[in-house]
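# Coordinate analysis (summary)
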Amino acid sequence: MKKVSQIQTLIIDGKEVGGKSDESILQVAKENDIFIPTLCYLEGLSDYGGCRMCIVEVKGMPRLVPACTTLIREGMEVTTNSEKIHNYRLSILALLFTERNHICSACVSNGHCELQTLALKLGLTHVEFPYIFPKMPVDATHDRFIADHNRCVLCGRCVRACHEVEGAHTKDIMGRGITSRVITDLKESWGSSKTCTSCGKCVHVCPTGALTEKGKSVAEMEKRRQFLPYLKLMRERR
Amino acid sequence: MEKVKIATSWLDGCSGCHMSLLDIDERILTLLESADIVYGPLVDFKDYPQGVDVAIVEGAVSSDEDEEKITKIRKLTKILVSFGDCAITANIPGMRNYFPTKELYERAYFENADLNQKRPSIRIPHLLSHARPIHEVVTVDVFLPGCPPPADVIFYSLSELINGRLPDLKGKTRFGR
Amino acid sequence: MNFEELHEIAKIENEKRAQFEYSINVCVAAGCMSCGSLELLTSFKKEIERRGIENWCKAKGVGCLGLCSAGPLVSVQRYDQKSEVIYKSVTLDNVHEIVDALTGEPVGRLACSKEMSFFKNQQKIVLENFGNIDPEKIEEYIAVGGYEPLYTVLREMSPANVIEQIVKSGLRGRGGGGYPTGLKWTTVMKASGNQKYIICNADEGDPGAFMDRSVLESDPHRVLEGMAIAGYAVGADKGFIYVRAEYPLAIRRLKKAITQAEQLGVLGRGIFNTPFNFDIKLRLGAGAFVCGEETALISSIEGSRGNPRPRPPYPAEYGLWGSPTLINNVETFANIPAIIRNGSAWFASIGTEKSKGTKVFALAGRINNTGLIEVPMGTTLREIVFNIGGGIPEGSKFKAVQTGGPSGGCITSDYLDTPADYESLTKLGSIMGSGGMIVMDDTSCMVDVAKFFVEFCMTESCGKCVPCRDGSAQMYHLLSKITSGEGNINDIHMLEKLSDLINNTSLCGLGMTMPNPVVSTMHFFKDEYLAHVHDKICPAGVCNMKRGGRK
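### Side note on the overall build of chain B
Helices and strands together make up the secondary structure of chain B, namely six helices and seven strands. Going residue by residue from the N terminus, the α and β elements of chain B occur as β-α-α-β-β-β-α-β-α-α-β-β-α. Computed over the C-alpha atoms, the radius of gyration of chain B is 17 Å, within 12% of the 16 Å expected from 2.2 N^0.38 for a compact globule of 177 residues. When its C-alpha atoms are laid out on the principal axes, chain B stretches across 55 × 35 × 30 Å. Out of the 177 residues in chain B, the part that is buried amounts to 41%. The contacts in chain B between residues at least 6 apart in sequence include a share of 82% that link residues at least 24 apart.

### Some thoughts on the overall build of chain A
Counting its regular elements, chain A contains six helices and 10 strands. Against the compact-globule benchmark of 18 Å for 238 residues, chain A has a radius of gyration of 19 Å, which places it among compact chains. Summarising its shape, the C-alpha atoms of chain A cover approximately 55 × 50 × 35 Å along the three principal directions. Every one of the 238 residues in chain A was classed for burial, and the buried ones make up 46%. Within chain A, counting contacts between residues at least 6 apart in sequence, those at least 24 apart form 62% of the total.

### Re the interface of chain A and chain C
Between chain A and chain C, the residue contacts involve 26 residues of the former and 24 residues of the latter. A total of seven residues in the side of chain A that touches chain C trace back to one element, the largest contributor, which is helix 2 (residues 83–99) of chain A. For the side of chain A that touches chain C, the per-class residue count stands at 14 nonpolar, eight polar and four charged.

### Some thoughts on the interface of chain B and chain A
Tallying the contact residues gives 23 residues for chain B and 19 residues for chain A. Counting residues per element, the side of chain B that touches chain A draws most heavily on helix 4 (residues 85–89) of chain B, which supplies three residues. Looking at the side of chain B that touches chain A, its residues break down into 10 nonpolar, nine polar and four charged.

### Looking at the environment of Val43(B)
Position of Val43(B) among the secondary structure elements: in the loop between strand 2 (35–39) and strand 3 (52–58). Along the primary structure Val43(B) and Thr8(B) are separated by 35 residues, whereas in three dimensions their C-alpha atoms are 9.2 Å apart.

### Some remarks on the sheet that holds strand 3 of chain B
All names here are of chain B. If you walk across this open sheet you meet the five strands as 2-1-3-5-7, and the pairing is parallel. Every other strand in the sheet has two partners, leaving strand 2 and strand 7 (142–144) as the edge strands with one partner each. Neighbour-to-neighbour, the strand axes of the sheet open up by a mean angle of 25°, direction not taken into account. Where strand 3 lies against strand 5 (residues 77–83), six bridges are found, and the strand directions are parallel. If you follow isoleucine 56 over to strand 5, its bridge partner there is valine 81. Packing against the sheet, helix 6 (residues 151–162) makes contact with strand 1 (4–10), strand 2, strand 3, strand 5 and strand 7, and its axis sits at approximately 165° to strand 7.

### What about the environment of Thr426(C)?
Tracing the backbone through its elements, the reader meets Thr426(C) in helix 17 (residues 422–427). Distance in space between the C-alpha atoms of Thr426(C) and Gly408(C) is 8.9 Å, their sequence separation being 18 residues.

### Re the sheet that holds strand 5 (residues 111–112) of chain C
Residues and elements named next belong to chain C. Ordered by their spatial adjacency, five strands build an open sheet running 2-1-3-4-5, and the pairing between neighbours is mixed. The open sheet is flanked by strand 2 (57–62) and strand 5, the only strands paired with a single partner. Note: strand 4 (residues 83–87) against strand 5, two bridges, orientation antiparallel. Among the inter-strand pairings, isoleucine 86 is bridged to a residue of strand 5, identified as cysteine 112.

### Digging into the domain arrangement of chain A
Residues and elements named next belong to chain A. As far as domains go, chain A holds domain 1 (7–81) and domain 2 (86–237). Distance between the C-alpha centres of domain 1 and domain 2: 24 Å. At the junction of the two partners, domain 1 supplies 15 residues and domain 2 supplies 22 residues.

### With respect to the pairing of strand 2 (residues 15–20) of chain A
All names here are of chain A. Note that strand 1 (residues 7–12) and strand 2 share six bridges and pair antiparallel. Among the inter-strand pairings, isoleucine 12 is bridged to a residue of strand 2, identified as lysine 15. Connecting strand 1 to the antiparallel partner strand 2 that follows it, the hairpin turn spans two residues, and aspartate 13 within it adopts a positive phi of roughly 50°.

### Some details on the pairing of strand 3 of chain B
All names here are of chain B. Of all seven residues making up strand 3, five are buried, and the element is well covered by its neighbours. Relative to strand 3, strand 1 is paired through five bridges, and the arrangement is parallel. The partner of serine 9 across the bridge, within strand 3, is valine 57.

### Quick word on the environment of Pro180(C)
Residues and elements named next belong to chain C. Note that proline 180 resides in the loop between helix 8 (159–169) and helix 9 (181–190). Here proline 180 falls in the partly exposed class, since 17 other C-beta atoms lie within 10 Å of it. It is 9.6 Å that separates the C-alpha atoms of proline 180 and serine 355, two residues lying 175 residues apart in sequence.

### Concerning the packing of helix 2 of chain A against helix 19 (residues 466–483) of chain C
It is the contact of helix 2 of chain A with helix 19 of chain C, at a shortest axis distance of 9 Å, that shows an interaxial angle of 65°. Helix-helix and strand crossings are classified by hand; for helix 2 of chain A and helix 19 of chain C the assignment is left-handed. Within the contact between the two elements, helix 2 of chain A uses Ile92(A), Leu95(A), Leu96(A), Thr98(A) and Glu99(A) and helix 19 of chain C uses Val466(C), Pro467(C), Asp470(C), Gly471(C) and Gln474(C).

### Quick word on the arrangement of the chains
The top pair by number of contacts, from a total of two pairs of chains in contact, is chains A and C. Regarding chain B and chain C, which are not in contact, the minimum distance between any of their C-alpha atoms is 11 Å.

### Focus: helix 3 (residues 114–122) of chain A
Residue and element names in this part refer to chain A. Residues Glu114, Leu115, Gln116, Leu118, Ala119 and Leu120 constitute the buried set of helix 3. Where helix 3 is buried, its residues contact helix 2. Directly beyond the C-terminal end of helix 3, a positive phi value near 80° is found at glycine 123.

### Focus: helix 1 (residues 3–18) of chain C
All names here are of chain C. Relative to the 22 Å expected for 16 residues at 1.5 Å per residue, helix 1 spans 22 Å between its end C-alpha atoms, a close match to the ideal helical length. Those residues of helix 1 lying buried are Leu6, Ile9 and Ala10. With its buried residues spanning 95° around the axis, helix 1 presents them on a single face. Within helix 1, the exposed residues directed more than 90 degrees away from the buried face are Glu4, Glu8, Glu15 and Ala18. Tucked inside the fold, the buried residues of helix 1 contact helix 6 (138–143) and helix 7 (148–156).

### Re the confidence of the model for chain B
In the predicted model, chain B carries a mean pLDDT of 94, and 99% of its residues have values of at least 70. The complex model carries a pTM of 0.93, and its ipTM stands at 0.95.

### Thoughts on the nonpolar core
In this structure, Val56(A), Val57(B), Val26(C), Ile199(C), Ile229(C), Ala230(C) and Leu326(C) are the most contacted members of the largest nonpolar core, which totals 282 residues. Excluding anything up to four places from it in sequence, Ile229(C) contacts Pro149(C), Leu150(C), Val153(C), Val162(C), Ile336(C) and Ile340(C).

### Examining the packing of helix 19 of chain C against helix 20 (residues 489–505) of chain C
Between two packed helices, the angle of one axis relative to the other and the distance separating the axes together describe the packing. Residues and elements named next belong to chain C. Running from N to C, helix 19 and helix 20 point in directions that differ by 160°, and their axes come no closer than 10 Å. Taken together, the axis directions place helix 19 and helix 20 in an arrangement best described as roughly antiparallel. Of the two elements, helix 19 crosses helix 20, and the hand of that crossing is left-handed. Between helix 19 and helix 20, the contacting residues are Pro467, Cys468, Gly471, Gln474, Met475, Leu478, Lys481 and Ile482 on the first element and Asp491, Met494, Leu495, Leu498, Leu501, Ile502 and Thr505 on the second. Residues belonging to the contact of helix 19 with helix 20 are distributed by class as follows: 10 nonpolar, three polar and two charged.

Rules and cut-offs
- Residues numbered from 1 in each chain as written.
- Chains lettered and ligands numbered in written order.
- Predicted model: local features only at pLDDT ≥ 70, side-chain atom pairs only at ≥ 80, totals over all residues.
- Helix = DSSP H or I, 4+ residues; strand = E, 2+ residues; numbered from the N terminus.
- Rg over C-alpha atoms; globule rule 2.2 N^0.38 Å.
- Buried ≥ 20, exposed ≤ 12 C-beta atoms within 10 Å, placed from the backbone.
- Contact = placed C-beta atoms within 7 Å.
- Nonpolar A, V, L, I, M, F, W, Y, C, P; charged D, E, K, R; others polar.
- Pairing = 2+ DSSP bridges.
- Axes fitted to C-alpha atoms, helices over the stretch in contact; angles between N-to-C directions.
- Domains from an automatic or database assignment.
- Left-handed = near helix turned anticlockwise from the far one by under 90°.
- Expected span 1.5 Å × (residues − 1).
- Arc of directions from axis to C-beta.
- pLDDT = per-residue confidence, 0-100.
- Core = buried A, V, L, I, M, F, W, Y, C linked by C-beta atoms within 7 Å.
- Parallel < 35°, antiparallel > 145°, perpendicular 65-115°, else oblique.

And the structure:
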């Protein structure tokens, strides 16, 4: 039996809006053209709550909460942007730039990268924390795709797309903390993977140049993600 | 009114940012009405002068020479502008940071050399272990990202600086470009 | 199994006990075991046999006696006089003289004084059976009244009654957060769902903490009983104990205890001839500290990577496989049988206004009496460190005590008269935590201590959320810079900024509390940080400074 969701009203950034009780703050904000920056969130995939870009302030809650995983409640008062939140987002973004080697000018996703776009939108013109410059591998063993770990932000979108949408669960994350890394199967080369169906969903959900198609130029390497919500919708109807 | 003194400098980079500066074309004349370029690769002055108002510096800090230069520039300058991605993120010069400097010398002077396989005997600047963004070495006042920063943004920024304002670059230029 | 049978077991066991005049109890918990207490136990048994005194004297293994620094510990109990002598640092060579001394004067040079404040000033609830019963024998637990509370609960109380008792007792979670246990139980009871679960969190990972390990090693049945009572109260019939694989002895004893309990019918189907079923399964942690966080722990039991997920929803409503789940810490469950047996009023009479009962602490670091203690909530830190703990080894000076492990903070000598309860410690920028207490003297550099804890969190961060994953690495980098004499004042500002960021934006408790050791040492020992960055010296002479010398 499907749960009946109720209509609830709330205030986001001083604007009175309404949504269903099973919707998140982020979904309702989107429906009402209120911008909340996101990175690990992607419509059609399960919510992750890892990147912390979408943190918002809810009146009465002791801590900042991620808009993607927090459901709306009647009478909620949400602030999506304040100086404090903005500064936190800038710092988080800056940390993301330091952990790997995001060299935009030499990246095939230059111009089509969500990380780069976020920096532009939030006005991040430099990174205050020291760069770590880790030595990261590039896996080009697959016929059609490349995994460049220098560009990975560990958002887990590829892992979720592979598991939830394709059902292959070829991708996963190994290791801990700053040394975690997206792997293929049990840390094998992508080219030799027996579980990978070469569907390319992981590539197209990847926000940066970490997963890309071979043979595409900078101008061509645009990601297409429109298929996701449709796939999800079709499956729910069935 | 005394003209604003502008210096430009070039550390470890490709000079592309200076090219982009020249791409503001005839608008440079407008700037020069109220400013002088007192030092840099585009003009012929040997020593970095005293009392520079604005210094725009391209490139990462990669060698001991770069370190000396930027320290001196910082000391003699009011407003220091990190000019372009190499200056701000280490960018391409930073791609050598995953290798020990010894391997870099090997590669440059032995493996890739057909003739004269040896380290130059005349002193060349000593490489630091890492190519670093300028603001990790000295304090920077303005960051102008881009590889290279677009000419329009450079013109806007310089106009603001000449008029004594700090440019607001939010949303105007990004890493890469 | 019915009440009569339970009593019969207790009676037989007590009669068996009464045959003996003396019992030589050798500690066989991990601490003493590591210094050879098993050989000691065998040697005592042989000696008793050799002398032919097995009619009135026996030797057995018991749980932790507390004073771990002086192990192996042996307690000689004389039943008729109810007297006890505890011998410390016993070696195989001492076996003879200890048995010789049974009927005469104790061996003075080995005996700990009973007047010693370490033993005198404690109040034991969770640890009440420690050093008295053999943890591997369920009969001994029953003989001291074990599983009677479970019987009372199942036969005489309704689930609502049980929860009422827990609420009234004022018990709060002993895992660190101090959330009211009764409230948690109520939420799980009220949550809708056909299947509910009980989870015992035994993934104790704080450096220097060994309370839960000792409880599981020394009195495992107590925890099982607490879980079963909880299961009855909230309507769950399955329980999991998530214990770290690094505790092999605790795992072995738990397994044994579960088997024994199932054989006797105090766990399993139709417990005490009631319709109540309760099974307990063990799940072993694979060595990730973050799996002590409840949502990560659940994820790990489910067979996934041990990553935390955002709360709400809380496990009480949406937990293991989406079912309402009650998660409590080992020590919390271990308090339950005592509360049922003695009543909530009794429990509520111990401790302070807001923190009831007792707390087990693991004393470690630069302190004379390293070991396990249990004191009423609200006992001052001075009492714990200087009286029970026996103070700091001679020749050095107390500097700080770190409570709460990597999530906690340090407390300096100015605040030693603070009562150890949840609110008071939080007010000082530290936390109660699970009960680890690391004492430091002037040979410790506080910047180095902060670096140690940050490094711990950096390597234990799961890597899911950005502030914790990258922030910890940046903090570690800055602290390394400072401790090698290359730091500047900006690095300290950066540390402050990162601390605030990580604390406010991290996903789970590990990240949120990770900056605490840094914030707290920067608050109390700012001068040490400044000495590192300005004068390039380490006042404690710990850090290896590249430029400049030591003090």
